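# Close look at the chain arrangement
Below, each chain spelled out in residue letters.
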Amino acid sequence: MTRVVGLGCQQGCDLHALLVLFDSALAEGGIERDSITALATIDRKQNEPGLLALAKALGLPLQCFSAEQLAVFEHRLSHKSDVVFAHTGCYGIAESAALALAEQLGNAPARLLITRKKTAQATFALACAG
């Protein structure tokens, strides 16, 4: 089974804040860290130091998608943010990115295992396919 974590974050969000969210969301869902296949986000975050550090720390690839690629998942989101849409052109980054990459890697329809979890600095979602 392909399991992908989608992430969104504020500019400058650090590794520690992302790791705390990552680990607490997985623990709450009863999912092992080593069962995660990859990380996903929006392309405007491709050079975000915290996300790059998280991918490196976890030894996972980080795949980025354009707002247009993420927008097609709008009808499957648990939460739609008008603020995120105003800034990016899609209604949710974490859930959309998780679904997009899970479907791409799993070559099958994806579903959200863990819907959007939010802290002051970041968002997390987990999707699976296969």
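Described below are features of the structure shown in this document.

Scoring rules and cut-offs
Residues numbered from 1 in each chain as written. Predicted model: local features only at pLDDT ≥ 70, side-chain atom pairs only at ≥ 80, totals over all residues. Heavy atoms only, no water. Helix = DSSP H or I, 4+ residues; strand = E, 2+ residues; numbered from the N terminus. Rg over C-alpha atoms; globule rule 2.2 N^0.38 Å. Buried < 20%, exposed > 50% of the residue type's maximum accessible area, 1.4 Å probe, protein only. Areas by Shrake-Rupley, 256 points an atom, 1.4 Å probe, with all protein chains shown as cover. Lys, Arg positive; Asp, Glu negative; His and termini not counted. Charge placed at Lys NZ, Arg CZ, Asp CG, Glu CD. Pairing = 2+ DSSP bridges. Axes fitted to C-alpha atoms, helices over the stretch in contact; angles between N-to-C directions. Contact = heavy atoms within 4.5 Å. Salt bridge = Lys/Arg side-chain N within 4 Å of Asp/Glu carboxyl O.

This brings us to the overall build of the chain. When helices and strands are tallied, the chain shows five helices and five strands. Going from the N terminus to the C terminus, the chain shows its helices and strands as β-α-β-α-β-α-α-α-β-β. For 130 residues, the compact-globule estimate of 2.2 N^0.38 gives 14 Å, and the chain sits close to it at 13 Å. Dimensions of the chain, computed from C-alpha atoms along their principal axes, come out at roughly 35 × 30 × 25 Å. Taking all 130 residues of the chain together, 48% fall into the buried category. When the accessible area of the chain is evaluated, it comes to approximately 6400 Å², of which 50% is carbon and sulfur surface. Separation of charge centres in the chain, based on 11 positive and 12 negative side chains, amounts to 1 Å.

Attention now moves to the sheet that holds strand S1 (residues 2–9). Within the open sheet, the five strands sit side by side as S3-S2-S1-S5-S4. Their pairing is mixed. With partners counted over all chains shown, the strands left at the sheet margins are strand S3 (62–65) and strand S4 (110–118), one partner each. Strand after strand, the sheet turns through a mean of 25° between neighbouring axes, direction not considered. Relative to S3, strand S2 (residues 38–42) is paired through four bridges, and the arrangement is parallel. Among the inter-strand pairings, Ile 42 is bridged to a residue of S3, identified as Phe 65. In the packing of helix H1 (residues 15–29) onto the sheet, the strands contacted are S1, S2, S4 and strand S5 (122–129), and the crossing angle to S5 comes to about 45°. Relative to the sheet, helix H2 (residues 49–58) contacts S1, S2 and S3, its axis offset from that of S2 by approximately 170°.

The next subject is the side chain of Lys 45. Tracing the backbone through its elements, the reader meets Lys 45 in the loop between S2 and H2. Residue Lys 45 is classed as buried on the basis of its relative accessible area of 13%. In contact with Lys 45, other than residues within four places in its own chain, are Cys 9, Gln 10, Gln 11 and Leu 51.

Looking now at the pattern of salt bridges. Applying the stated criterion to the full structure yields five salt bridges. With a closest N to O distance of 2.7 Å, Glu 28 and Lys 117 form a salt bridge. Here Glu 28 is found in helix H1, whereas its partner Lys 117 is found in strand S4, with 89 residues between them in sequence. Classification of Glu 28 by relative accessible area gives exposed; the value is 60%. The partly exposed category is assigned to Lys 117, whose relative accessible area is 25%. Between Glu 48 and Lys 45 there is a salt bridge; the shortest N-O distance is 3.9 Å.

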